[in-house]
Protein chains: 2
Amino acid sequence: MLIKDPIYQQLRQALGELILKRDFKVGDKFLTEREISERFGVSRTTANKALSSLVADGTLEFRKGVGTFVRPGVLDYDLRSLVSFSDKARSAGRVPKTELLAFRRLRASEAPDPVAAQLGAGPKERLFFVERLRFADDVPVILERRYILADLCPRLTKRDLEGSLYAAWTEKHKLAITGASQTIRAVKLSGSDAAALQTKPGDAALAVLALGYVADGKPLWREETLYRAEAYEFRCELGGLHPSQPTMGHLLP
Amino acid sequence: MLIKDPIYQQLRQALGELILKRDFKVGDKFLTEREISERFGVSRTTANKALSSLVADGTLEFRKGVGTFVRPGVLDYDLRSLVSFSDKARSAGRVPKTELLAFRRLRASEAPDPVAAQLGAGPKERLFFVERLRFADDVPVILERRYILADLCPRLTKRDLEGSLYAAWTEKHKLAITGASQTIRAVKLSGSDAAALQTKPGDAALAVLALGYVADGKPLWREETLYRAEAYEFRCELGGLHPSQPTMGHLLP
DNA sequence: ATTAGCATCGTGGCTAAGCCACCGTGCTAC
DNA sequence: GTAGCACGGTGGCTTAGCCACGATGCTAAT
């Protein structure tokens, strides 16, 4: 980039990083306009402009006469529900259950082909492999297989994997999960996958390939997930002059 | 809303509507800060704040020393590619073809059950029904069935339907398409659908139920679309401190 | 006639200084 | 104990003004 960004965009970025780095947690009171103006050597107007833009995309929230606060935020919320099946199930009035099918360490070179490349891992890098089956009201709905860079969260335990991976990452390992990408396809279930999901081989299923990222766009995990066709759907909204909702999975009745 | 929005948010909304109403088209020079400040009776600072927020979500673009311009925009671009299969196919290096299987008028009461309700149509309201099969390099990839409120685009012709519906709506009928929602599921193809798509019954396919909206959130169309599993996928990005990309379909090689 | 260079003007970028409405807090007076 | 008030800090918004940038069109040199 030869062209220098305008000051308020640089400022916006700097402030955004303060939040990503968890210097300010969700719910915290953020810097005031007057503080920012002093600390960064800009005018209060510019501070306000940068803050406004963070308010606009839901990262912050203004409360007149009080201050600026860090919001749970689209980011946090959606990533949480991307990862947290249990929350989703409970809010749909279902009882979630997780069965851990496999949990082992391996080297990147031992993983299937595209895994190491997509995770940007050298052949000797350590990975976790986790395979979980997730139930809603005792019906198996999701079969998930996930490779995780072990160096980033060395203290993962079996216990973590029966609960929320998301919590283990954010709370135990202080990882700031900043993004994810999903690719959705339709597939016919193979015999073994169908058996795990208690349906027939050849039945249709949604296959989602997802990559999760921490700060700096560094990958943290890669997962391939199978969703039983009659039990799950993805929804997304486009357009309006408002930021669009990301695609989210929903449990079907 | 008892609580009055701050001025700059009201202003932002007002400006946004100018664009939605197509008072300013894509590529046009927008109002200058000084014009806005005069026309709306606000300060230039506030005008800038409102504009900045529209720049932030990609609706406008600043060019220093020149002015503010209406961008092709996430909105326009994504909705276009939601609707325009041909563009997508061509940019994937494939040759698109469209075969019109059916085109007829009917009353809302004659349509399948959820259609009228989702379109908000009374039983006597006129609808178009359009069924199209879309090819990439002479391979059938998409089977689409669409109900359209006829009152909003009475002059649709068979010719329009062999090309771009999107163009017929926006150019011929001056409709501003402002949003859409998609729901993605996996299904097994029925015999007749499989025949149309030249695959075997029971094969997996992506089924997308979509609703499209014009200004004021009024529905314009409802479509059910089947995508051949090996030929199509949907991708979406979450997170970052930037607005997330909506889910978009992609042709597979 | 063509073109290189320059002056001008309108644009957004940014600052400075200041008033206001709003909110929480803590004190005061009942 | 509590109702009420005064105060200080916050974001909301304005006014006034300078600056850098980019387009435009003129002017002067070729």
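It should be emphasised that the depicted structure is a prediction, and the values quoted were computed from it without experimental measurement.

Near DNA strand D there are 24 residues, and of these R34 and G65 of chain A together with I7, S43 and T46 of chain B occur at the shortest range. Here, DNA strand D places atoms within 4 Å of the protein, and 61% of those atoms are sugar or phosphate. Here a phosphate oxygen of DNA strand D sits 3.2 Å away from a polar atom, N or O, in the main chain of E33 of chain A. The side chain of N48 of chain A places a nitrogen or oxygen atom 3.2 Å from a phosphate oxygen of DNA strand D. Put simply, the parts of the chain that give the surface near DNA strand D at least two residues each are α2 (33-39), α3 (44-56) and β2 (67-70) of chain A together with α1 (7-20) and α3 (44-56) of chain B. Partitioning the surface near DNA strand D into residue classes produces seven nonpolar, 10 polar and seven charged.

Bringing helix α8 (residues 165-172) of chain B into the picture now. The α-helix advances 3.6 residues per turn, and as a result positions three or four apart in sequence lie on the same side. Regarding α8 of chain B, the residues found buried are L165, Y166, A168, W169 and T170 of chain B. K174 of chain B lies just past α8 of chain B and shows a positive phi near 50°.

Looking at chain A as a whole, the pLDDT averages 83, with 87% of positions reaching at least 70. Averaged pLDDT values over the elements of chain A bottom out at 55 in helix α4 (residues 73-83) of chain A and peak at 94 in helix α9 (residues 191-196) of chain A.

The final tally for this structure, using the stated rule, is 14 aromatic pairs over all chains. Taking the centre distance of 5.5 Å and the plane angle of 45° together, the rings of F103 of chain B and F128 of chain B count as tilted. A residue pair is termed long-range when its members are at least 10 positions apart, and F103 of chain B in strand β3 (residues 96-107) and F128 of chain B in strand β4 (residues 126-136) qualify at 25 residues. Residue classification places F103 of chain B among the partly exposed positions, given a relative accessible area of 26%. Taking the relative accessible area as the measure of exposure, F128 of chain B reaches 1% and is therefore buried. An aromatic cluster of at least three residues, connected via ring pairs, comprises Y227, Y232 and F234 of chain A. Over the aromatic face of F69 of chain A sits the side chain of R63 of chain A, whose NZ or CZ is 4.0 Å from the ring centroid. When the ring centre of Y8 of chain B is taken as reference, the NZ or CZ atom of K49 of chain B above it lies at 4.0 Å.

A word on a positive patch on the surface. Among the surface-exposed residues, R105, R107, K124 and R126 of chain A lie close enough to one another that they form a single positively charged patch. Following the sequence through the fold, R126 of chain A ends up in strand β4 (residues 126-136).

The subject of this paragraph is the protein's contact with DNA strand C. Around DNA strand C, 23 residues are found, and the nearest of them are I7, S43 and T46 of chain A together with R34 and G65 of chain B. Among the atoms of DNA strand C lying within 4 Å of the protein, the sugar-phosphate backbone contributes 58%. Interatomic distance of 3.0 Å between a side-chain N/O atom of S43 of chain A and a phosphate oxygen of DNA strand C. In the model, a phosphate oxygen of DNA strand C is placed 3.2 Å from a nitrogen or oxygen of the E33 of chain B main chain. Those elements giving two or more residues to the surface near DNA strand C turn out to be α1 (7-20) and α3 of chain A together with α2 (33-39), α3 and β2 (67-70) of chain B. Partitioning the surface near DNA strand C into residue classes produces seven nonpolar, 10 polar and six charged.

Residue and element names in this part refer to chain B. Note that strand β1 (residues 60-63) and β2 share four bridges and pair antiparallel. Counterpart to F62 in the pairing with β2 is T68. Hairpin connection between β1 and β2: a loop of three residues separates the two successive antiparallel strands, and G65 in this loop has a positive phi of roughly 80°.

The next subject is the packing of α1 of chain A against α3 of chain A. Residue and element names in this part refer to chain A. Interaxial distance between α1 and α3 falls to 9 Å at its minimum, and their mutual angle equals 55°. With respect to α3, the axis of α1 lies oblique. Judged by the sense of rotation from one axis to the other, the crossing of α1 with α3 is right-handed. Facing α1, whose interface residues are I7, Y8, L11, R12, L15 and G16, α3 presents T46, A47, K49, A50, L51, S53 and L54.

What counts and what doesn't
- Every chain's residues receive numbers from 1 upward, in the order its sequence appears when written.
- Here chains are named by letter from A upward and ligands by number from 1 upward, in the order in which they appear as written.
- Only residues with pLDDT of at least 70 get local features here, since the model is predicted, and only at 80 or more are side-chain atom pairs given and counted; chain-wide, interface and lining totals rely on the full set of residues.
- Side-chain measures here rest on the full set of heavy atoms in the structure, leaving out hydrogens and waters.
- Near is defined per residue: the residue qualifies when any heavy atom it owns lies within 4 Å of the molecule or strand.
- Two N or O atoms count as a polar contact when they lie within 3.5 Å, although within protein this holds only if one can serve as hydrogen donor and the other as acceptor, and sequence-adjacent residues are included solely when both atoms are side-chain atoms.
- Under the scheme used here, helices are H or I runs from DSSP no shorter than 4 residues and strands are E runs no shorter than 2 residues, and both carry numbers assigned from the N terminus.
- Note on residue categories: nonpolar means Ala, Val, Leu, Ile, Met, Phe, Trp, Tyr, Cys or Pro, charged means Asp, Glu, Lys or Arg, and polar means any other residue, Gly included.
- Note on classification: 1.4 Å probe, protein chains only; a residue is buried when its accessible area is under 20% of the maximum for its type, exposed when over 50%, partly exposed between these limits.
- pLDDT: the predictor's confidence for each residue, scored from 0 to 100.
- Pairing of aromatic rings covers Phe, Tyr and Trp, the last through its six-membered ring, and needs centres within 6.5 Å; plane angles under 30 degrees mean stacked, over 60 mean edge-to-face, and all others mean tilted.
- Geometrically, a lysine NZ or arginine CZ counts as sitting over a ring once it is within 6 Å of the ring centre and also within 35 degrees of the ring normal.
- Residues enter patches when their relative accessible area tops 30% and they take part in no salt bridge; the joining distance is 9 Å for like charges and 5 Å for the nonpolar side chains Val, Leu, Ile, Met, Phe, Trp and Tyr.
- Each accessible area is a Shrake-Rupley result for a 1.4 Å probe, and residues are judged covered by the shown protein chains and nothing else.
- A side-chain nitrogen of Lys or Arg and a carboxyl oxygen of Asp or Glu constitute a salt bridge if their distance falls within 4 Å.
- Positive: Lys, Arg. Negative: Asp, Glu. His and the chain ends are not part of the count.
- In plain terms, the charge of a residue is placed at NZ if it is Lys, CZ if Arg, CG if Asp and CD if Glu.
- When DSSP locates at least two bridges between a pair of strands, those strands are taken to pair.
- Here an axis means a line fitted to C-alpha atoms, over the contact stretch when the element is a helix, while the angle between two N-to-C directions is reported on a 0 to 180 degree scale.
- Roughly parallel means an angle under 35 degrees; roughly antiparallel means over 145; roughly perpendicular covers 65 to 115; every other angle is labelled oblique.
- In this scheme, a crossing is called left-handed if the near helix is turned counterclockwise away from the far one by less than a right angle; it is called right-handed if the turn is clockwise.
- By definition in these notes, contact holds between two residues if any of their heavy atoms fall within 4.5 Å.

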